[in-house]
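# Working through the structure, step by step
Listed here are the chains, written in short residue letters.
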Amino acid sequence: MSDTPDHDTVKYDGPAGGWGSLRGITRIFGAEWPTPGALETLSRQNKPGGFMCVSCAWTKPAKYHTFEFCENGAKATLWELTTRRCTPDFFAKHTITELREWNDYDLEQQGRLTHPMRLDRAEDKYVPCSWEEAFSAIGSELKALDPKSVVFYASGRASLETSYLYALFARLYGNNNLPDSSNMCHETTSVGLKKVIGASVGTSVFEDFSTCDAIFFFGQNTGSNSPRFLHPLQEAVKRGCRIVTFNPVREKGLVAMINPQSPTEMLTGDETPISCQYLQVKAGGDIAAILGLCKHVLDKEDEAKARGDSVLDHDFIKSHTHNFDAFVAMVRATTWDEIEANSGLAREALQAAGQVYVEADKVIGIYGMGLTQQVHGFENIAMLVNLLLMKGNIGRDGTGISPVRGHSNVQGQRTVGISEKPELVPMDKLARLYGFEPPMEKGVNTVEACEGILAGDVKGFVSLGGNFIRAIPERGAMEEAWQHMRLTVQIATKLNRSHLVNGEVAYLLPCLGRSEEDMQETGPQTVTMEDSFSCIHGSIGRRRPASEHLLSEMAIVAGIAKATVPQNPRVKWDEWVGDYGKVRDLIEATYPEDFRDFNKRMFTPGGFYRGNSARERIWKTESGRAEFTVPKELSAAGFEDKPGRFRLITLRSNDQFNTTIYGYSDRLRGIEGTRDVLLINPQEMARAGLKEGQIVGLATDVDDGRPRGVTGLKVLPFDLPDGCVGGYYPELNWLIPLSHHDVQSKTPAAKSVPVRILT
Ligand SMILES: Nc1nc2c(c(=O)[nH]1)N[C@H]1C(S)=C(S)[C@@H](COP(=O)(O)OP(=O)(O)OC[C@H]3O[C@@H](n4cnc5c(=O)[nH]c(N)nc54)[C@H](O)[C@@H]3O)O[C@H]1N2
Ligand SMILES: Nc1nc2c(c(=O)[nH]1)N[C@H]1C(S)=C(S)[C@@H](COP(=O)(O)OP(=O)(O)OC[C@H]3O[C@@H](n4cnc5c(=O)[nH]c(N)nc54)[C@H](O)[C@@H]3O)O[C@H]1N2
Ligand SMILES: [Mo]
């Protein structure tokens, strides 16, 4: 199995940003890059009244740069604005069976989908159909199915307006089966932070980065995945803030950066060092590492106490937290030997990092997939919160816990009702507003949806964006089981693997992208999204749609809904599609605290802040206080180490957005030309008798009667801790068992998968 062409690999020693990032964009888009339309769109990107980037969820500051976009934001915009088209002619030429042999890159390279298509099983091809035909056929199929057997997935890109209607549709139809992409990334956050601080999202806001004294960074790759965040980091470092990073990989963006928007830096090549300490923690080693920091803080507290001083914020601990004594007892009882063995880090390194924490008055804790995608991901997050609580670093300016979210509106989708958990949704309000009895039975999340598909219980699957089959674990068994479903519907902009593994009846429905003008009855429409800091922004697309046959996501969701659920005078699909402002009014009526004066405030520069109780030190937890947690494990990996077993980290490159592969250049890590690689350190290579460039395979080291393997990986020496290997997501998703997920939230544990190397 090889998904990529093979070229030589080269090494990159330059910083993040800089000329490399501009070259990175030009190399991919070549002639398409300078079109006036593309430049106009980029010039409005992430600015008030402009267009909000379709890439990550990093905030859109009120005081913006001339170019408020990064290398990857530009790639994402240009990817949407491509001049290539994937037309009915293309589908007439290629059977589905043939297209399944293509790799992800080549599929998306066909460009924007242009027509609604229906699967013709006999011909093994997609054929064009009318929108009316698609809606009415999907409606009849859905009506014939048991609502409990249908799943409505959402990838985190769709607007607040579409997401609200999509969730309402599922509930009017009769279920809460609303998994979304956040089930694969920050569900650990939603569940974990809710439990320990009573708010399911981060507490920091953008301004906190201008006043914090230290930032502790865990498992988030800023240079690739939220590059605009490098600017505030660079500014923070310049004013003396200290950044300490924990990551098994020395990620370029967190080591140093050149600002591509600073002419002096571009000419002279001056780099800003970002992290003052970089600790290459073992994959799954963060519980122990953070425990080491806490142990150092307690040691320093003891010393301070002897002097009549203190390091801890005793007032805060006393009046705002719960379970502190049990936590302290556990930290004191854990030995440095245990901490070193489980984190892979030396005591001295942890003490030096802990000292930065001790000396800083205001600290922010940042994290990403390195903490969330672990079997004990909850414990990772709870430990980071423990560390912050010790010195009152939550609910004060310049402090906070700050998960860096993924998709551009993934956080917002949850805010407006895309959730399988009925208790998180104001069902009473929905009942009153729309005069129906919303389903109260818990729906399925991503892993449960997969379990249902494997068991044959799920018969219908509607996908609002995304590439579900490629993003989930257990690819082999899932692709096989997928085809036993009765109905699959994909709403998408570009062709991907999920469109080629189909149910008996299948539709591929092309939609507008966010950069395109969305013209409806009352004129061009605005859509809104929520960023990582809970700020809401309006976005207006201006580009001419890729095809005259496209509909907006709103119109498609409403079209399917209208053909499916019984008529209801309070549910006005056509009116809502005609004027998205009316949907914003309904969002406000459903969530009055979060969305007060929604239509008036949506173009507030910097977005309007939805608020966060934990930031106000109001703790909506069981105890009514912020919780110190005693971790049940010292390792987040969830399995024992043994000879020949490695912890596999599945990584994103600088040249992809999730399953969309822009190219084969992981510039910041110096890996070029191929994604079929096995990254391993030279000592481990020697121990395993491997040579650079050797082609090997990986097998999942789990004995559950289901063999899983990948072949054709090229061995590359890479700076990783002992016992860890690395490779790329999604190519290695064959290896992740569906059962390998965070215990509490069921987020797939893609950052420590037990594997063996096959030679
Ligand atoms: N360009 C681009 N931007 C994106 C995306 C993209 O694919 N491309 N995806 C978007 C989405 S949906 C998301 S969720 C975010 C994801 O953004 P991130 O949260 O940055 O996710 P990853 O790149 O998967 O992994 C993050 C880091 O975790 C480190 N890591 C792995 N295991 C461990 C561990 O055990 N401990 C620690 N401390 N670190 C570990 C890895 O080395 C890596 O640097 O980015 C969003 N932005
Ligand atoms: N091994 C491993 N697996 C992982 C991860 C990992 O780190 N490691 N990360 C996980 C994470 S964090 C996430 S979020 C998931 C990602 O899972 P998804 O969100 O399901 O996948 P994407 O790759 O973002 O979806 C890309 C597709 O979205 C469609 N699309 C793009 N723009 C639009 C639009 O505007 N509207 C519509 N309707 N469709 C559009 C295009 O057809 C494109 O092919 O993967 C998860 N899987
Ligand atoms: Mo994500």
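Here goes a summary of the coordinates provided. (Residues numbered from 1 in each chain as written. Chains lettered and ligands numbered in written order. Predicted model: local features only at pLDDT ≥ 70, side-chain atom pairs only at ≥ 80, totals over all residues. Heavy atoms only, no water.)

### Considerations on the site of ligand 2
Surveying the vicinity of ligand 2 reveals 33 residues, the closest of which are Y153, A471, E553, T659 and N733. One of the side-chain nitrogen or oxygen atoms of Q373 is found 3.1 Å away from an oxygen atom of ligand 2. At a separation of 2.6 Å, a nitrogen atom of ligand 2 approaches a polar side-chain atom of N733. Considered on its own, ligand 2 offers 930 Å² of accessible surface; in the complex 96% of this is hidden by protein. Among the elements of the structure, α24 (468–471) and β16 (487–492) are those that each provide at least two residues to the shell around ligand 2. (Near = heavy atom within 4 Å. Polar contact = N/O pair within 3.5 Å; in protein donor to acceptor, adjacent residues only side chain to side chain. Areas by Shrake-Rupley, 256 points an atom, 1.4 Å probe, with all protein chains shown as cover. Helix = DSSP H or I, 4+ residues; strand = E, 2+ residues; numbered from the N terminus.)

### Let's talk about the pattern of salt bridges
Under the criterion given, the structure shown has 41 salt bridges. Among the salt bridges present, the one from E141 reaches R486, with a minimum N-O distance of 2.8 Å. On the criterion of sequence distance, the pair formed by E141 in helix α7 (residues 131–144) and R486 in the loop between α25 (475–482) and β16 is long-range, its members being 345 residues apart. On the basis of relative accessibility, which here comes to 29%, the residue R486 falls in the partly exposed class. One salt bridge connects D701 with R645, and the closest N-O pair in it is separated by 2.9 Å. In this pair, D701 sits in the loop between β30 (695–700) and β31 (709–717) while R645 sits in the loop between β23 (626–627) and β24 (646–651), placing the two residues 56 residues apart along the sequence. Judged on exposure class, the residue D701 and its partner R645 are both buried. Residues participating in the shared-partner salt-bridge network are D180, E187, R414, E420 and K421. (Salt bridge = Lys/Arg side-chain N within 4 Å of Asp/Glu carboxyl O. Buried < 20%, exposed > 50% of the residue type's maximum accessible area, 1.4 Å probe, protein only.)

### As for the sheet that holds strand β5 (residues 125–128)
Spatially, β5-β4-β17-β16-β15-β6 is the arrangement adopted by the 6 strands of the open sheet, whose pairing is mixed. The open sheet has two edge strands with one neighbour each: β5 and β6 (150–154). In this sheet, neighbouring strand axes are inclined to one another by 20° on average, regardless of whether the strands run parallel or antiparallel. (Pairing = 2+ DSSP bridges. Axes fitted to C-alpha atoms, helices over the stretch in contact; angles between N-to-C directions.)

### A few points about the nonpolar core
Counting 63 residues, the largest nonpolar core has Y164, L509, I560 and W573 as the members making the most contacts within it. If one sorts the elements of this core by residue count, helix α8 (residues 160–173) sits on top with 10 residues. Setting aside chain neighbours within four positions, we find L509 in contact with P116, W131, A134, I138, V489, Q490, I491, A492, I556 and I560. In this structure, A199, A214, A304 and W619 belong to the second largest nonpolar core, which totals 59 residues. (Core = buried A, V, L, I, M, F, W, Y, C linked by side-chain atoms within 4.5 Å. Contact = heavy atoms within 4.5 Å.)

It is worth stressing that arrangement in space is one thing and function is another; only the former is reported here.
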